[in-house]
Amino acid sequence: MQVTIMGRDLPGRGLVSAISLAALLSQPAMALDVTLQGALSDDLRGDLEGGSLLIEQELSEADVSPQEIVSIAQADYQRLLAVLYDYGYYGAVIRITLDGREASTIKSVAPPPSVSRADIDITPGTAFRFGRAEIGPLAPDTTLPDGFRSGETARLSLLRDAASAATDGWRDVGHAKAELQSQRVTAQHNDGTLNATLRVDPGPRLRFGALSVRGNQAVRTERIVEIAGLPVGTTYSPQELQQAAARLRRTGTFSSVAMIEAQEPGPGDTLAITARVAEEKPRRFGFGGEISTVEGLSVSTFWMHRNLFGGAERLRLDAEIEGIGGDTGGTDFLARALYQRPATFNEDTGLYILGEIEQQDEINFFSRQGTIGAGIERIASDQRSYRFGLAVRRATTRDAFGENDYTLLLAPTGATFDYRDRTLDARRGYFLDAEVTPFLAASGADNGLLTKLDLRGYRTFGEARPTTVALRGQLGSLIGPALSVAPADFLFYSGGSDTVRGHEYQSLGVDLGGGQTVGGRSFLGLSAEIRMRTSGNLGYVGFLDAGYIGEEVFPDGSGEWHSGAGVGLRYATPIGPIRLDLAVPTSGDDDGSSFQVYIGIGQAF
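## Remarks on the side chain of histidine 503
Piece 1. Tracing the backbone shows histidine 503 in the loop between β23 (467-479) and β24 (510-513).
Piece 2. Engagement of the side chain of histidine 503 in a polar contact is seen with the backbone oxygen of serine 563, the distance being 2.8 Å.
Piece 3. Reaching out from histidine 503, the side chain makes a polar contact with the backbone oxygen of serine 587 at a distance of 2.8 Å.

The following block contains the structure:
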């Protein structure tokens, strides 16, 4: 391959006298004006500008010394050359001048007293194309990059990608030590072609050897091996290795996890693996808050131990108080203790034990309840999980039908699919949470089934100032008990920050007449947002919410609808956007309210 760089060779190393060094240190810093010239496509020009340190220096508007400018310019030759290679230009000419003087001819120990202008002149020449593009042997089902074939532009990145695809293909079928054995790349300048022949050495097919652990202090080694669940003795698989690392990270006990392969295969074509971990601090606490004009102030706090018994067991204590100073009936509170033990039944299934006390003092009902339960959670992947539990709940409730004490045996069963790119500020993907809870009434109610569904989807358009369309649908149903004997806290209401903004909290239910309202046995919620972001931290949101409550088991249109709409501001922070929403009712009984204000952290959904 031939590459021409205008100018003489860079100077070699030499001695710098104390006088020369002092002179260099005394040189003044200055700003720099940089131009890029040449017959360049828009894409190539953009990538060259992005790869140039000189242009980056100009954009930073920071003052630098002449010596620094010379060093930056000399480094730019190789950086710009790498960009040109990636576009297939293997005979390019690069000329960089500082105040008209070729940068490569300037000795870094004797720079000019000042530099005000840098000119980059590039003649890319003709883009080379692949004459021959061969790589092998290949594992079954290996997919090479589309552009790696005769006649296509000979981008350097295609050579790298083809080599990676070939070695990864062998690794996927157990050849952990597959590597590029040889490469022959020849540029023919007379016809502008690049001939590439790459040979891969698959190496032997290996099996997972023993898993050893390094770096742990408080977490027992045998528990780390158990949680990782690496299938020792089976054929090597990079996916299995990634899953083992993901299981350890998912516990929240480790700040870092690395699965390190042995340099050489062991006896019997086995490959030893070392899990190198760094443990998090065992204890953590946090707090949060949200305020609205109707629901008032909500505050929450938690304390957590990440490694309770030395096996990555987690104990979390939560406390929440809601409705402080609000118009939602009274003050609600929740106190919860949750114990979780990963890898209890197998590497992907853990145990949880739950105990909680909750009070809901709402406008239309009052409930105080205690629940104890246990269950399992299966983590199918980082995006999918399933859960099943058994619990006993004892509660005292009061609504328009009177007071009631009930005891229920619950079997909560659910699944969560979370394919969002971000939890607090999703821009792409979808989220689905479905829960089905059969219950048997020991006293105070009838047997039944409670179902809830929450589905969200996100799509973003544009790059410079992206706009996200976010949609949400909620569905709820209570099957079994009649409205008059149903547990009051199992019934559905609409209105407020989590359902229909603009309406008062839980303002829509089933109207019994005489000013009496209870919750419904069916609920349908629909929300849509358009989220527009600027080039800075600010964003703007327009939204529309609608909610339906019915006395029937499934929404059939015989119930009541209401809706609300509004606008909002978002300010991006490292922990998620700060949210400010202003909403007004657009249909339904608004009780004379003109608008509602909601403030929180994270998007509304």
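## Some words on the environment of valine 64
Piece 1. Here valine 64 lies in the loop between α3 (53-60) and α4 (66-86).
Piece 2. Owing to a relative accessible area of 8%, valine 64 belongs among the buried residues under this scheme.
Piece 3. Sequence separation of valine 64 and aspartate 119 is 55 residues, and the distance between their C-alpha atoms is 17 Å.

## Notes on the packing of aromatic side chains
Piece 1. Inspection of the entire model under this criterion finds eleven aromatic pairs.
Piece 2. Note on phenylalanine 208 and tyrosine 236: the rings are 5.4 Å apart at their centroids and 50° apart in plane angle, and the pair reads as tilted. Of this pair, phenylalanine 208 sits in strand β9 (residues 207-214) while tyrosine 236 is found in the loop between α6 (221-228) and α7 (238-250), placing the two residues 28 residues apart along the sequence.
Piece 3. Measuring from centroid to centroid gives 5.2 Å for tyrosine 548 and tryptophan 561, while their planes differ by 55°, and the two rings are tilted. In this pair, tyrosine 548 is assigned in strand β27 (residues 538-550) and tryptophan 561 in strand β28 (residues 560-571), connecting sequence segments 13 residues apart.
Piece 4. Here tryptophan 561 falls in the partly exposed class, since its relative accessible area comes to 41%.
Piece 5. Ring pairing ties together the aromatic residues Tyr85, Tyr90 and Phe128, which thus form one cluster.
Piece 6. The ring of tyrosine 87 is capped by arginine 155, whose NZ or CZ atom sits 4.6 Å from the centre of that ring.
Piece 7. The ring of phenylalanine 605 is capped by arginine 531, whose NZ or CZ atom sits 5.3 Å from the centre of that ring.

## A few points about the packing of α6 against α7
Piece 1. For the pair α6 and α7, the least separation of the axes is 8 Å and the interaxial angle reads 120°. Comparing their axes, α7 and α6 come out oblique. Taking contact as the criterion, the partners of Ile224, Ile227 and Ala228 in α6 are, on α7, Ala244, Arg247 and Leu248.
Piece 2. Its residues assigned to classes, the contact of α6 with α7 shows five nonpolar, no polar and one charged.

## Concerning the pattern of salt bridges
Piece 1. Applying the stated criterion across every chain, the model contains 26 salt bridges.
Piece 2. Two residues, aspartate 498 and arginine 472, come together in a salt bridge whose shortest N-O distance is 3.3 Å. Pair noted here: aspartate 498 is in the loop between β23 and β24 and arginine 472 is in strand β23, with a separation of 26 residues, a long-range link.
Piece 3. In this structure, a network of salt bridges that share partners links the residues Arg501, Glu529, Arg531, Asp545, Arg570, Arg579 and Asp581.

## Some details on the environment of leucine 544
Piece 1. Inspection of the secondary structure assignment puts leucine 544 in strand β27.
Piece 2. Leucine 544 sits 16 residues away from alanine 528 along the chain, and the two C-alpha atoms are 5.4 Å apart.
Piece 3. Look past the residues within four positions of leucine 544 in its chain and what remains in contact with it is Leu526, Ser527, Ala528, Gly564 and Ala565.

## Some words on unusual backbone geometry
Piece 1. Geometrically, the link from glycine 136 to proline 137 is a cis peptide bond, its omega value of -5° lying close to zero.
Piece 2. Here proline 137 is to be found in the loop between β6 (129-136) and α5 (156-172).
Piece 3. Phi at aspartate 141 takes a positive value of approximately 65°, unusual for a residue other than glycine.

## Describing the sheet that holds β6
Piece 1. The strand order β6-β8-β7 describes an open sheet built from three strands, whose pairing is mixed. Only two strands of the sheet have a single partner each, and these edge strands are β6 and β7 (179-188). Across the sheet, the axes of successive neighbouring strands diverge by a mean angle of 10°, strand direction being ignored.
Piece 2. Packing of α5 onto the sheet brings it into contact with β6, β7 and β8 (193-201), and relative to β8 it is tilted by some 20°.

## Focus: the environment of glycine 473
Piece 1. Tracing the backbone through its elements, the reader meets glycine 473 in strand β23.
Piece 2. Take glycine 473: its relative accessible area is 22%, and that puts it in the partly exposed class.
Piece 3. Not counting the four nearest positions on each side in its chain, glycine 473 is found in contact with Leu453, Asp454, Leu455, Gly525 and Leu526.

## Remarks on the nonpolar core
Piece 1. Within the largest apolar cluster, 49 residues are counted, with the highest numbers of intra-cluster contacts made by Leu48, Leu54, Ile96, Leu98 and Ile122.
Piece 2. Per-element tally for this core: the top contributor is α4, with ten residues.
Piece 3. In this view, leucine 54 contacts Leu32, Val34, Ile69, Ile72, Ala73, Asp76, Ile96, Ala118 and Ile120; residues no more than four positions away in its chain are not counted.
Piece 4. Core analysis: the next-biggest nonpolar cluster, separate from the first, contains 24 residues, Ala176, Ala244, Ala245 and Val277 among them.

## Some points on the pairing of β23
Piece 1. Where strand β22 (residues 448-461) and β23 come together, 13 bridges link them in antiparallel fashion. Counted as the bridge partner of arginine 459 is valine 469 from β23.
Piece 2. In this structure, the hairpin formed by β22 and β23 is closed by a connection of five residues, where glycine 462 is found at a positive phi of approximately 90°.

## Quick look at α5
Piece 1. Helix length check: α5, at 17 residues, gives a terminal C-alpha distance of 24 Å against a target of 24 Å (1.5 Å per residue), a fit within 8%.
Piece 2. Buried residues along α5 sit against α4, β6, β7, β8, α7 and β10 (254-261).

## A word on the pairing of β24
Piece 1. By the bridge criterion, three bridges tie β24 to strand β25 (residues 516-518) in an arrangement that is antiparallel. Each residue of the ladder has a partner; that of glycine 513, found in β25, is glutamine 516.
Piece 2. The antiparallel hairpin formed by β24 and β25 contains two residues in its connecting segment, where glycine 514 sits at a positive phi of about 65°.

Cut-offs used in this document
Along every chain, residues carry numbers that run from 1 in the direction the sequence is written. pLDDT decides what is reported in this predicted model: residues at 70 or higher carry local features, side-chain atom pairs at 80 or more are listed and counted, and totals for whole chains, interfaces and linings draw on all residues regardless. Water and hydrogen atoms play no part in the side-chain values, which are based on all heavy atoms of the structure. Under the scheme used here, helices are H or I runs from DSSP no shorter than 4 residues and strands are E runs no shorter than 2 residues, and both carry numbers assigned from the N terminus. Throughout this description, a polar contact denotes any pair of N or O atoms lying within 3.5 Å of each other; where both atoms belong to protein, one of them has to be capable of donating a hydrogen while the other can accept it, and for residues adjacent in sequence the pair is counted only when both atoms sit in side chains. Partly exposed residues are those whose accessible area sits between 20% and 50% of the maximum for their type, while under 20% is buried and over 50% is exposed, using a 1.4 Å probe and protein chains only. When the centres of two rings from Phe, Tyr and Trp lie within 6.5 Å, Trp using its six-membered ring, the rings pair. Their planes under 30 degrees apart give stacked, over 60 give edge-to-face, and anything left gives tilted. We call a charge positioned over a ring when the NZ of a Lys or the CZ of an Arg lies within 6 Å of the ring centre and within 35 degrees of the ring normal. To define axes, lines are fitted to C-alpha atoms, for helices over the stretch in contact only, and angles between the resulting N-to-C directions are given on a 0 to 180 degree scale. Geometric relationships in this document are graded by angle, where less than 35 degrees denotes roughly parallel, more than 145 denotes roughly antiparallel, 65 to 115 denotes roughly perpendicular, and other angles denote oblique. Contacts are assigned to residue pairs that have any heavy atoms within 4.5 Å of one another. Under the scheme applied, nonpolar residues are Ala, Val, Leu, Ile, Met, Phe, Trp, Tyr, Cys and Pro; charged residues are Asp, Glu, Lys and Arg; polar residues are all the others, including Gly. Between Lys or Arg on one side and Asp or Glu on the other, a salt bridge is scored when a side-chain nitrogen of the former is within 4 Å of a carboxyl oxygen of the latter. A pair of strands is labelled paired if DSSP reports no fewer than 2 bridges between them. The definition of a nonpolar core used throughout is a set of buried Ala, Val, Leu, Ile, Met, Phe, Trp, Tyr and Cys residues joined through side-chain atoms within 4.5 Å. Each helix should span, by expectation, one fewer than its residue count multiplied by 1.5 Å.

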